[in-house]
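# Per-entry structural report
Take a look at the letters that make up each chain.
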Amino acid sequence: MKITIFGSGYVGLVTGACLANLGHSVLCVDIDSAKISQLQEGAIHFYEPGLKELIVRNMDKGRIRFTMDVKEGVSFGDVIFNCVGTPSNGDGSADLSYVFSVAESVAEFAQGYKVLINKSTVPPGTAKKCSEIICTKNPLSQVEVVSNPEFLKEGAAVHDFTHPDKIVVGAKTDTAFALLRKVYTGRVRTYIPVLETSWETAEMIKYANNSFLSTKISFINEIANICDAIGADVKVVSQAMGMDYRISPKFLNAGIGYGGSCFPKDVRALVATATSCGYDASLLRSVDLVNTKQKLLLLDKVVTRFGSLSGRVFSILGISFKPKTSDVREAASLVLIKGLLDEGAIVKVYDPVAMDEAQKVFGDSVIYCSSVVECVSDSSAIFLITEWDEFRNVNFRSLGEKMKDKVVFDGRNIYEPELVKEEGFEYVGIGRR
Ligand SMILES: NC(=O)c1ccc[n+]([C@@H]2O[C@H](COP(=O)([O-])OP(=O)(O)OC[C@H]3O[C@@H](n4cnc5c(N)ncnc54)[C@H](O)[C@@H]3O)[C@@H](O)[C@H]2O)c1
């Protein structure tokens, strides 16, 4: 099948590369000329394990290519995936201008029957609006709109796309459902359910999914803060909770809050959608509030420990919002680093893959290091912010010899307090001491 993908970011590229690998003929479109030039050379503008190899292999086979030509993109595909960004507006609602601009282009250039598949995360009602945009602009259009939200995780995106828990398709006609089944032949296995539903239900499933995971994280973070106050150990509490099969241990690690391009914006967008329908989503507002406060937690703790931070050196291990990605959007590290700089501290940073992204955010206001050892020298404290494997087994004894003061702020609870203390360090965790 001929498939066009609008938006060559995380979701668009993974979708394009994986569908090309299943034998489809794929054309990826983006409005960012730098990204397209890079992609045409077989390079990607972010780090995602296995993706570059998949793209290069399928480029060599002639199954995937890249363009900025919107008209060619619309003409090429029997199905057109809409994978453009849906960032937050100032009021938390989703900015749908990119999604609608693709719908406008499809209305303008599409000939004959085609399906426009919204894979971007969009509020309930968006497929309907896209359909109205197309009908208004081109009343004779035969384009059908489908909602097909994506559940992949950055850091494991290729695996997640090829081994999803479920495939959700919201459509109006049997023809569109049948076409989507054809697109995903090869992705579907006996154990992967395909849920065929209405536009609005499909759109809602994605928000409910992300909001629930965000809620789990904010819940355990709130429990951690109570543990901190009363001297309990949240790691043991969450371990015990996770043993209850009704709860499960996933997304139950206390830390300094969730980040990334999805959870924060999606929770806020669902709150805004609810508000626009006259419903106050107070639980989800609290999830967001707990998360915002959690990102400031270590800043409070470091001020409590040291008093003035002015002129002190601090080391940040990990900048990306989670391991195995270079994505720093809404990362907890950004809030902490900005807070430390505002207090007059000198900040040294190290991340295995997100240094270029950090440079775009902080310019020359922080010191960039190429190793953990370099990052901790002359420092008053280590902040473990992203739980990269590389940071799990650092040699605290030898790192301590290079430091001014020996304090570890463990923002992801990856270290054992007793072992760290044995190496002469003070340990400050999230809901554990
Ligand atoms: N990143 C994830 O892990 C993830 C997972 C599931 C769903 N999503 C959702 O998928 C959507 C895309 O997310 P992303 O992380 O891939 O975003 P991204 O910012 O990495 O990529 C979006 C791309 O769309 C391009 N674009 C914007 N307008 C365009 C247009 N008119 N035509 C062609 N290209 C255009 C941008 O230049 C950019 O390259 C969002 O709605 C997001 O919430 C993301």
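Let me sum up the structure you'll find in this document. Being a predicted model, the structure only gives us computed values, none of them experimental.

Let us look at the overall build of the chain. The helix and strand tally for the chain stands at 18 helices and 14 strands. Relative to the globule expectation of 22 Å for 433 residues, the C-alpha radius of gyration of the chain, 23 Å, shows essentially globular dimensions. The principal-axis extents of the C-alpha atoms in the chain amount to approximately 70 × 45 × 40 Å. Out of the 433 residues in the chain, the part that is buried amounts to 54%. In the chain, of all internal contacts separated by at least 6 residues, the share reaching a separation of at least 24 is 73%. Carbon and sulfur atoms make up 54% of the accessible area of the chain, which amounts to about 18,800 Å² in all. Looking at charge distribution, the chain has the averaged site of its 48 positive side-chain charges lying 3 Å from that of its 52 negative ones.

Okay, empty space enclosed by the protein next. Enumeration over the complete set of coordinates arrives at two cavities of 30 Å³ or more. Lining the second largest cavity we find Asn118, Ser120, Thr121, Val122, Ser147, Pro149, Ala202, Glu203 and Lys206. The dominant element in the lining of the second largest cavity, judged by the number of residues it contributes, is helix H9 (residues 199–230), at three residues. Tallied by class, residues from the lining of the second largest cavity come to three nonpolar, four polar and two charged.

Looking now at the site of the ligand. Among the 27 residues in the neighbourhood of the ligand, the closest are listed as Asp30, Lys35, Thr86, Glu154 and Lys265. Measuring from a nitrogen atom of the ligand, one finds a side-chain N or O atom of Glu154 at 2.7 Å. One nitrogen or oxygen atom from the side chain of Lys265 is found 2.7 Å from an oxygen atom belonging to the ligand. If you list the elements that add at least two residues to the shell around the ligand, you get helix H1 (10–21) and helix H5 (97–109). At three residues, H5 tops the list of elements feeding residues into the shell around the ligand. Counting the residues that make up the shell around the ligand, at least three belong to each of domain 1 (2–197) and domain 2 (207–293).

Let us look at helix H6 (residues 126–137). Owing to its 3.6 residues per turn, the α-helix aligns residues three or four sequence positions apart on the same side. With twelve residues, H6 should cover 16 Å at 1.5 Å per step; its first-to-last C-alpha distance of 16 Å lies within 8% of that length. Of the positions making up H6, those classed as buried are Thr126, Ala127, Cys130, Ser131, Ile133 and Ile134. Viewed along the axis of H6, the buried residues span an arc of 155 degrees, placing them on a single side of the element. Where the residues of H6 are buried, they touch H5, strand S5 (113–118), strand S6 (142–147) and H9.

As a further point, take the side chain of Ser218. As for its position among the elements, Ser218 is in helix H9. We classify Ser218 as buried; its relative accessible area is 3%. Excluding residues within four positions of it along the chain, Ser218 makes contact with Tyr258, Val287, Val290 and Asn291.

Its place among the elements puts Ser8 in the loop between strand S1 (2–6) and H1. Assessed through its relative accessible area of 0%, Ser8 is described here as buried. A polar atom in the side chain of Ser8 sits 3.3 Å from the backbone oxygen of Val29. If near-sequence neighbours (up to four positions away) are discounted, Ser8 is found in contact with Leu13, Cys28, Val29, Asp30, Lys35, Ile36, Leu39 and His45.

In this section: the sheet that holds strand S14 (residues 426–428). Read across the sheet, six strands follow the order S11-S10-S9-S12-S13-S14 without closing on themselves; strand pairing throughout is parallel. At either margin of the open sheet sits one strand with a lone partner, and together these are strand S11 (367–368) and S14. The sheet contact formed by strand S9 (residues 313–317) and strand S10 (residues 346–350) spans five bridges and is parallel. Looking at S10, one finds that Leu317 is bridged to Tyr350.

Under the criterion given, the structure shown has ten aromatic pairs. Aromatic pair Phe251 and Phe263: ring centres 6.2 Å apart, planes at 40 degrees, arrangement tilted. Of this pair, Phe251 sits in the loop between helix H10 (234–242) and helix H11 (263–276) while Phe263 sits in helix H11, and the two are twelve residues apart along the sequence. The partly exposed category is assigned to Phe251, whose relative accessible area is 32%. An aromatic cluster is defined as three or more aromatic residues linked by ring pairs; in this entry it consists of Phe306, Phe314, Phe383 and Phe409. In this arrangement the basic side chain of Lys172 is found over the ring face of Trp199, its NZ or CZ atom lying 4.8 Å from the centre.

Another point: the nonpolar core. Most often, soluble globular proteins keep nonpolar side chains buried together rather than apart. Counting residues in each nonpolar core, the largest one holds 40 residues, and the members touching the most others are Leu51 and Phe81. In terms of residue count, the dominant contributor to this core is H1 (seven residues). Apart from the residues lying within four places of it in its own chain, the contact partners of Phe81 are Ile3, Thr4, Ile5, Phe6, Thr15, Leu19, Ile117, Lys119, Asn148, Val183 and Tyr184. Judged by nonpolar contacts, the second largest core, of 39 residues, contains Val302, Ala331, Leu334 and Ile337.

Time to look at the pattern of salt bridges. Tallied over the full model, the rule gives 28 salt bridges. The salt bridge partner of Asp32 is Lys35, with a shortest N-O separation of 3.9 Å. By relative accessible area, which is 24% here, Lys35 ends up partly exposed. The partner of Glu387 in a salt bridge is Arg412, and the shortest N-O contact between them spans 3.8 Å. Residue Glu387 is located in the loop between strand S12 (381–384) and helix H17 (396–400), and its partner Arg412 is located in the loop between strand S13 (407–410) and helix H18 (417–422); the two are separated by 25 residues in the primary sequence.

Reading guide: rules and limits
- Residues numbered from 1 in each chain as written.
- Predicted model: local features only at pLDDT ≥ 70, side-chain atom pairs only at ≥ 80, totals over all residues.
- Heavy atoms only, no water.
- Helix = DSSP H or I, 4+ residues; strand = E, 2+ residues; numbered from the N terminus.
- Rg over C-alpha atoms; globule rule 2.2 N^0.38 Å.
- Buried < 20%, exposed > 50% of the residue type's maximum accessible area, 1.4 Å probe, protein only.
- Contact = heavy atoms within 4.5 Å.
- Areas by Shrake-Rupley, 256 points an atom, 1.4 Å probe, with all protein chains shown as cover.
- Lys, Arg positive; Asp, Glu negative; His and termini not counted.
- Charge placed at Lys NZ, Arg CZ, Asp CG, Glu CD.
- 1 Å grid on protein atoms, 1.4 Å probe; cavity = no way out; pocket = protein on both sides within 12 Å on 5 of 7 lines; lining within 4 Å.
- Points joined across faces, edges and corners; volume = space filled by probe spheres on them.
- Nonpolar A, V, L, I, M, F, W, Y, C, P; charged D, E, K, R; others polar.
- Near = heavy atom within 4 Å.
- Polar contact = N/O pair within 3.5 Å; in protein donor to acceptor, adjacent residues only side chain to side chain.
- Domains from an automatic or database assignment.
- Expected span 1.5 Å × (residues − 1).
- Arc of directions from axis to C-beta.
- Pairing = 2+ DSSP bridges.
- Phe/Tyr/Trp six-rings, centres within 6.5 Å; stacked < 30°, edge-to-face > 60°.
- Lys NZ or Arg CZ within 6 Å of the ring centre and 35° of its normal.
- Core = buried A, V, L, I, M, F, W, Y, C linked by side-chain atoms within 4.5 Å.
- Salt bridge = Lys/Arg side-chain N within 4 Å of Asp/Glu carboxyl O.

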